[in-house]
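Descriptive analysis of the structure
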Amino acid sequence: MRSLASDEYTSLSDALSRHLSTTFPSLLVPPSPTRSLSALVELKAGVGGSEAALFLTDLLRVYVRYAGSCGWQSSMVQSSEVTGGGLREAIVEIKGDGAYDALRWESGVHRVQRVPATEASGRVHTSTVAIIVLPLSEEGEPSGDDNLFKMEDVKVEVMRARGAGGQHVNKTESAVRLTHIPTGITVSMQDERSQHQNKRRAFQVLRARLMDIKITQDIAQRREARRSIVRSADRSEKIRTYNYAQAGPSDRVTDHRIGLSMMNLQSVMEGDAIQEFIDALRQNWEQEIMEDAINDVK
């Protein structure tokens, strides 16, 4: 009898744990209003010169690989190369349900500490890349007023494209620059071959940036305790450090928001371990939402 009771106690304890970790959170955490949105990921090299440009290329490869593993489609919207290798900046479109909600936690400053290939003395350099993840709608160039902006508030300029591009560059006015007058947001696009394509891409980026502002403002206007979500997407906050050890297996990646470190850096940069950070950050956010809900009923 005691043995049966002990077995039943173990079974009930396991069931209770499952309910507390899965069913209970799903009741307290409301569905995300952005759960069906795709993402626009902007990467910009920060301090570190050419090494920052190389690190940006590394991170871009991480996100493109992750998108593929999730069944999402990725395509380059804009990029700016640096002499000697690497990218000064890049914008990549990642299309698929849930892409924005998964990648939104990547917004912030990513720091790398490693010895550049060109460093003869073996000195460790510190470089940074700033990442902004924006919500992406499927609409392109608007035919009239948008729910995020009015056409009369957008200044549209066309000009000749500059830079590499063969005979096409500087012979047709294919480049487009948009300025959203109320916010001062400026979007320039010249990577596509036609003015129409550049204009559509530019409006897509403008809409993503305005939607990001709206989502952030909506969050900020909610309860005081929800401010943690805004902080986690702070563009100026150093969120993660990638430390390449000079010798031995002590290379690691550390996310400073939740204090999570992973010792196998290559599994993040070349494998699928980025998923562990994304899952941990989402879980941390859900726990904060549940704590808020519990505190509200006290």
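Here the structure is a predicted model, which means the values were calculated and not measured. (Residues numbered from 1 in each chain as written. Predicted model: local features only at pLDDT ≥ 70, side-chain atom pairs only at ≥ 80, totals over all residues. Heavy atoms only, no water.)

**Description of the packing of aromatic side chains**
Enumeration over the complete set of coordinates arrives at four aromatic pairs. Arranged with centres 5.8 Å apart and planes meeting at 80°, the rings of Y66 and W72 form a pair that is edge-to-face. Of the two residues, Y66 and W72, neither departs from the other in class, the shared state being buried. Here the basic side chain of R114 rests over the ring of Y244, its NZ or CZ set 5.1 Å away from the ring centre. Over the ring of F277 we find R240; its NZ or CZ atom is 4.9 Å from the centre of that ring. (Phe/Tyr/Trp six-rings, centres within 6.5 Å; stacked < 30°, edge-to-face > 60°. Buried < 20%, exposed > 50% of the residue type's maximum accessible area, 1.4 Å probe, protein only. Lys NZ or Arg CZ within 6 Å of the ring centre and 35° of its normal.)

**Concerning the sheet that holds strand β9 (residues 238-243)**
Pairing between the strands of a sheet is mediated by backbone hydrogen bonds and can be parallel or antiparallel. Within the open sheet, the eight strands sit side by side as β2-β3-β1-β5-β4-β9-β10-β11. Their pairing is mixed. Each of the sheet's edge strands pairs with one partner strand only, and the pair in question is β2 (73-81) and β11 (260-262). Here the average twist between neighbouring strands, direction ignored, is 15°. Pairing between strand β1 (residues 38-45) and strand β5 (residues 125-136): eight bridges, direction antiparallel. Looking at the pairing, L43 lines up with I131 of β5. The strands touched by helix α2 (residues 50-69) are β1, β2, β3 (87-95), β4 (108-114), β5 and β9; relative to β3, the strand with the most contacts, the crossing angle is about 10°. (Pairing = 2+ DSSP bridges. Helix = DSSP H or I, 4+ residues; strand = E, 2+ residues; numbered from the N terminus. Axes fitted to C-alpha atoms, helices over the stretch in contact; angles between N-to-C directions. Contact = heavy atoms within 4.5 Å.)

**Some points on the pattern of salt bridges**
Taken as a whole, this structure holds 11 salt bridges when the rule is applied. A salt bridge links R209 to E42; its shortest N-O distance comes to 2.9 Å. With R209 in helix α4 (residues 195-220) and E42 in strand β1, the pair connects residues that are 167 residues apart, well separated along the chain. You'll find R209 and E42 in the same group, each marked buried. Here D58 makes a salt bridge to R114, at a shortest N to O gap of 3.0 Å. (Salt bridge = Lys/Arg side-chain N within 4 Å of Asp/Glu carboxyl O.)

**What about the sheet that holds strand β8 (residues 185-189)?**
Pairing is antiparallel in the open sheet, where three strands are placed in the order β6-β7-β8. In this open sheet, the two edge strands, each paired with only one partner strand, are β6 (154-159) and β8. Ignoring which end each strand starts from, the neighbouring axes of this sheet average 15° apart. As paired elements, β6 and strand β7 (residues 175-180) share six bridges and run antiparallel to each other. When the sheet's bridge partners are listed, V156 is paired in β7 with L178.

**Thoughts on the environment of A273**
Locating A273 in the fold gives a position in the loop between α6 (265-269) and α7 (274-296). Given a relative accessible area of 5%, A273 falls into the buried group. Separated by 11 residues in the primary sequence, A273 and M262 have C-alpha atoms spaced 8.7 Å apart. In contact with A273, not counting residues within four places along its chain, are M262, S267 and V268.

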